[in-house]
Amino acid sequence: MALSEQEIIRRQAKEELEKLGINPYPAETFEVNVSAREILENYPRHKSDYRNISLAGRIMSRRIMGSASFAELQDETGRIQIYVRRDDICPGEDKTLYNVVFKKLLDIGDIIGVKGYGFTTQTGEISIHVTEFKVLAKSLRPLPIVKETVDEQGNVIKHDAFSDPEQRYRMRYVDLIVNPEVRQVFVKRTRLINSIREYLNARDYLEVETPILQPLYGGAAARPFKTHHNTLDMTLYLRIANELYLKRLIVGGYTGVYEFAKDFRNEGMSRFHNPEFTQVELYVAYKDYYWMMELVEEMIEKVALDLHGTTEVKVGEHVIDFKRPWKRFTMFEAIEHFTGVDISTMDEIQLRETCRKLHVPFDDTMGKGKLIDAIFGEKCEPHLIQPTFIMDYPVEMSPLAKKHRSKPGLVERFEAICNGKEICNAFSELNDPIDQRKRFEEQLELGRRGDEEAMTLDEDFLRALEFGMPPTAGLGVGIDRLCMIMTNQPSIQDVLFFPQMRPEKPAAALSEKDIQQLGIRSELFPIIQKLGIHSVEQLKSMKPSKLFNDICGMRKKMKLDQVANPTLEEVESWLK
């Protein structure tokens, strides 16, 4: 493994710590009795409570000054300054712990535990006066250094920020260290899930678990991931939805059941789609989709209040208000409203012609339901910014929803659309086993036509319906998309700790031929290698002034007096 100069130095520091009898990765517990935030918020009013502080965190900055030094320690709640004085942590003759360990062998990124007491510096900064410290984990890779300045308008400007999206998603652990605001996104995600769970538990609905590996995938129109069970010698699928299992539980006699589910759909990826996603599904007996609309309004309004203390949430350039009641459109009303075309009586041939006129993409595998969905998705959805219910879908689009009680050809279904995207989907659930079988058979026909998202026919689910399922309202809420809105994030990858990504491509090793092609003298190659530059991409990403200074400094350190330093103009020409 090729190591940079910094990585080599840190490994040497680790070895020096071990020679001094200090374990850089100790096993025993370090008791923490306070957080950085708690000290900063409460110390001015309760100074006597902070005479015996025990705190652990990561060193984020250091100012070494002779016999005393300052550093910043970061824990989960924030950063606090620590003051380390040589004679306090080394009261005897041996000053190694300060002069060698703290000053020379610790680095930014190392995790330490400190004990001491609170005080306020002459500049008024609340700090910890350290009387003891312990190395808890030596960092062998340097963190990206994020420097902040404040402009004349008071705006904080970050320099050299760890901001490349691919790197942030791939190395989320670094993202969370150097971009503390990212941690708050995921704190809010957890609070959002807890808010929904509290709401459902307060109504005595039962949280359950259903299979992730399923012999038949169903409950949605999507292409599944496939795997093989060796012992049973059978094909299994990662679930695309948990609907059909939850309905079996309603058949079994539960009044209300819900599940926070990881579902998997083998489809395209975008800033709104990840192949692995989270949703909560809820099924309540003896209710219908009108009742479920009111539940959704109330529940999402509660989420907004729990997260923000208000129903108004800033999302991009919009302020979205989740206060009840929300606007309602039927699907045909929405399409006519935004296109001026009434498609309510059109057959498949007419819908294809309408798609052509409206410049809506479609293909020959798409049946009536998918054509209508394509028109709605292209021409209506992007305009629905405030939370809006779209109701009464064509029967072809909803194989699991009950036929509308008064509108032939439609089903009792709604979706909630917000900020141009669906956040939930709900039905008066189909509980007629004869009708359900017919709908499944129609889906099989679409599959034969080439629709890879068509549903399969699940005989066991039909058998369950034949035992009798009460009238039921069902709901699925996309947690990831709802979280995007509630935390004002532009991409689904920003609300997933570890989004799916292509395998990381190892950078091709930098060769002498590579640097020659850039116009760099061969005699500088050992210096560039020593600087830990291992690829052309890494080299070209550097600032010319920094690369110039690094080369000149390393040449001096390596005592290569016979090698001439490059000029800054030369370095600039390499990086063009």
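Residues numbered from 1 in each chain as written. Predicted model: local features only at pLDDT ≥ 70, side-chain atom pairs only at ≥ 80, totals over all residues. Heavy atoms only, no water.

**Some words on the sheet that holds strand 9 (residues 213-214)**
For step 1, the next point in the chain: Read across the sheet, 3 strands follow the order 9-11-10 without closing on themselves; strand pairing throughout is antiparallel. Every other strand in the sheet has two partners, leaving strand 9 and strand 10 (226-229) as the edge strands with one partner each. (Pairing = 2+ DSSP bridges. Helix = DSSP H or I, 4+ residues; strand = E, 2+ residues; numbered from the N terminus.)

**Overview of the nonpolar core**
Side chains of nonpolar character tend, in soluble globular proteins, to be buried together.
For step 1, the next point in the chain: In this structure, L192, I196, F322, F414, L475 and M486 are the most contacted members of the largest nonpolar core, which totals 52 residues.
For step 2, the next point in the chain: Of the residues forming this core, the biggest block, 10 residues, is contributed by helix 9 (residues 289-308).
For step 3, the next point in the chain: If sequence neighbours within four positions are ignored, F322 has contacts with I300, E301, A304, T311, V313, P387, C418, I485 and M486.
For step 4, the next point in the chain: Counting 43 residues, the second-largest nonpolar core is a separate cluster that includes V257, A285, I375 and C380. (Core = buried A, V, L, I, M, F, W, Y, C linked by side-chain atoms within 4.5 Å. Buried < 20%, exposed > 50% of the residue type's maximum accessible area, 1.4 Å probe, protein only. Contact = heavy atoms within 4.5 Å.)

**Re the packing of helix 10 (residues 331-339) against helix 12 (residues 368-379)**
For step 1, the next point in the chain: Where helix 10 meets helix 12, the closest approach of the two axes is 10 Å, and the angle between their N-to-C directions is 50°. Classified by the angle between their axes, helix 10 and helix 12 sit oblique to one another. Like other packed secondary-structure pairs, helix 10 and helix 12 cross with a definite hand, here left-handed. Taking contact as the criterion, the partners of M331, F332, A334, I335, F338 and T339 in helix 10 are, on helix 12, I372, I375, F376 and K379. (Axes fitted to C-alpha atoms, helices over the stretch in contact; angles between N-to-C directions. Parallel < 35°, antiparallel > 145°, perpendicular 65-115°, else oblique. Left-handed = near helix turned anticlockwise from the far one by under 90°.)

**Quick notes on the pattern of salt bridges**
When their charged atoms lie close together, side chains carrying opposite charge are able to pair.
For step 1, the next point in the chain: Counted by the stated rule, this structure contains 43 salt bridges.
For step 2, the next point in the chain: Salt-bridge contacts for E7 lead to R141; the nearest nitrogen and oxygen are separated by 3.2 Å. One end of the pair, E7, is in helix 1 (residues 5-19); the other, R141, is in the loop between strand 5 (126-137) and strand 6 (147-150), with 134 residues separating them in the sequence.
For step 3, the next point in the chain: Its relative accessible area of 9% is what places E7 among the buried residues. (Salt bridge = Lys/Arg side-chain N within 4 Å of Asp/Glu carboxyl O.)

**Quick notes on helix 14 (residues 459-466)**
For step 1, the next point in the chain: Residues of helix 14 that are buried include every one of F461, L462, A464 and L465, and no others. Buried residues in helix 14, looked at end-on, bunch into an arc of 155°, giving them a common side.
For step 2, the next point in the chain: In this structure, the buried side of helix 14 is in contact with helix 8 (243-251) and helix 13 (433-448).
For step 3, the next point in the chain: Near the N-terminus of helix 14, the side chain that reaches the backbone nitrogen of D460, with its oxygen 3.2 Å away, is that of D458. (Arc of directions from axis to C-beta. Polar contact = N/O pair within 3.5 Å; in protein donor to acceptor, adjacent residues only side chain to side chain.)

**Structural notes on the packing of aromatic side chains**
For step 1, the next point in the chain: If you walk through the whole model with that rule in mind, you get 15 aromatic pairs.
For step 2, the next point in the chain: Taking 5.7 Å as the distance between ring centres and 70° as the angle between the ring planes, the aromatic pair formed by F102 and F133 counts as edge-to-face. Taken together, the residues span a long stretch of sequence, with F102 in helix 4 (residues 96-105) and F133 in strand 5 at a distance of 31 residues.
For step 3, the next point in the chain: Here F102 falls in the buried class, since its relative accessible area comes to 0%.
For step 4, the next point in the chain: With a centroid separation of 6.1 Å and an interplanar angle of 40°, the aromatic rings of F497 and F498 are classed as tilted.
For step 5, the next point in the chain: Accessibility expressed as a relative area gives 40% for F497, which makes it partly exposed.
For step 6, the next point in the chain: A relative accessible area of 60% places F498 in the exposed class.
For step 7, the next point in the chain: Feature note: the residues F322, W326, F389 and F414 constitute an aromatic cluster, connected by ring pairs.
For step 8, the next point in the chain: Above the ring of Y245, the side-chain terminus of R248 is found at 4.6 Å from the ring centroid.
For step 9, the next point in the chain: Across from the ring centre of Y393, 4.2 Å away, lies the NZ or CZ of R413, which sits over that ring. (Phe/Tyr/Trp six-rings, centres within 6.5 Å; stacked < 30°, edge-to-face > 60°. Lys NZ or Arg CZ within 6 Å of the ring centre and 35° of its normal.)

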